[in-house]
Amino acid sequence: MKIDLAKSDKHYYTASTDVELRTFEAYDYLTVTGVGAPAGPEYTEALSALYRAAYGIKKLAKAADQDFVVPKLEGLWWVESDQPALTVPRAEWHWQLIIRMPEVVTEQMAADMVEKPVVFERLHEGLALQVLHVGPYSTEPETLARMDAFMTAEGLTMNGRHHEIYLSDPRKTLGPKTKTILRHPARRI
């Protein structure tokens, strides 16, 4: 039976349309980091390298009778500016594309399949607020404003990078049916 993190770890891969607080453990990921507009050439090349590594590791795991479904693509986003992130030109956005790996994936398996610029690393968000955003990416600012209001009301501040989990495949589902989990690591003020 294939390991499917989206089914076995509902805490991580589901969210309400209401902003809520959750705590997340440290998990292993394949990651690739870059700068530039989403769907730009650097982004596209990085995404291709990330999926090559993920499917290479899946092949090794399957040969060891530990097959898994390659998890959903995720992205961490930030800007290196004092300006609000959404006012910064997309060409200056920083991103880290990530794919979570199940526990059966070892550092040795990753070392056998991962080539630069992809890295196998453990990330830990801890306390975070999250919400399910339904709709096109262009309407995320409305959902982000609700997250900011929740943080203020709860006495929280950002404690990491804006995190998105793409539940919908953007090659197949765009527009009003697109589903994305938005997550902000947070800490008490």
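Reading the values: rules and limits
Residues numbered from 1 in each chain as written. Predicted model: local features only at pLDDT ≥ 70, side-chain atom pairs only at ≥ 80, totals over all residues. Heavy atoms only, no water. Phe/Tyr/Trp six-rings, centres within 6.5 Å; stacked < 30°, edge-to-face > 60°. Helix = DSSP H or I, 4+ residues; strand = E, 2+ residues; numbered from the N terminus. Buried < 20%, exposed > 50% of the residue type's maximum accessible area, 1.4 Å probe, protein only. Lys NZ or Arg CZ within 6 Å of the ring centre and 35° of its normal. Contact = heavy atoms within 4.5 Å. Core = buried A, V, L, I, M, F, W, Y, C linked by side-chain atoms within 4.5 Å. Salt bridge = Lys/Arg side-chain N within 4 Å of Asp/Glu carboxyl O.

1. Description of the packing of aromatic side chains
Item 1. Under the criterion given, the structure shown has eight aromatic pairs.
Item 2. Here the aromatic rings of Y43 and W95 are separated by 5.3 Å at their centres, their planes lie at 80°, and the arrangement is edge-to-face. A residue pair is termed long-range when its members are at least 10 positions apart, and Y43 in helix α3 (residues 41-63) and W95 in strand β3 (residues 94-100) qualify at 52 residues. Each member of the pair, Y43 together with W95, is buried.
Item 3. The rings of Y12, Y13, F24 and Y27 are connected pair by pair, giving a single aromatic cluster.
Item 4. In this structure, R100 packs its charged tip against the face of Y12, placed 4.6 Å from the ring centre.
Item 5. In this arrangement the basic side chain of R161 is found over the ring face of W78, its NZ or CZ atom lying 3.5 Å from the centre.

2. Some words on the side chain of K58
Item 1. The residue K58 is located in helix α3 in this model.
Item 2. Under the relative-accessibility criterion, K58 is labelled buried at 15%.
Item 3. Once you skip the residues sitting within four places of it in the chain, K58 turns out to touch K2, D67, F68 and V70.

3. Quick look at the nonpolar core
Item 1. Counting 27 residues, the largest nonpolar core has L30, L50, I57, M101 and V118 as the members making the most contacts within it.
Item 2. Only β1 (20-35), α3, β2 (73-78), β3 and α4 (107-113) provide two or more residues apiece to this core.
Item 3. With eight residues, the single largest contributor to this core is α3.
Item 4. Discounting chain neighbours no more than four positions away, the residues touching I57 are L30, F68, M101, V105, M109, A110, M113 and V114.

4. Remarks on the pattern of salt bridges
Item 1. Going through the model one piece at a time under the given rule, you end up with five salt bridges.
Item 2. Of the charged contacts, one joins D9 and R100 as a salt bridge, the two residues approaching to 2.8 Å between their closest N and O atoms. A residue pair is termed long-range when its members are at least 10 positions apart, and D9 in the loop between α1 (5-8) and α2 (10-13) and R100 in strand β3 qualify at 91 residues.
Item 3. According to the relative accessible area criterion, D9 is buried, its value standing at 15%.

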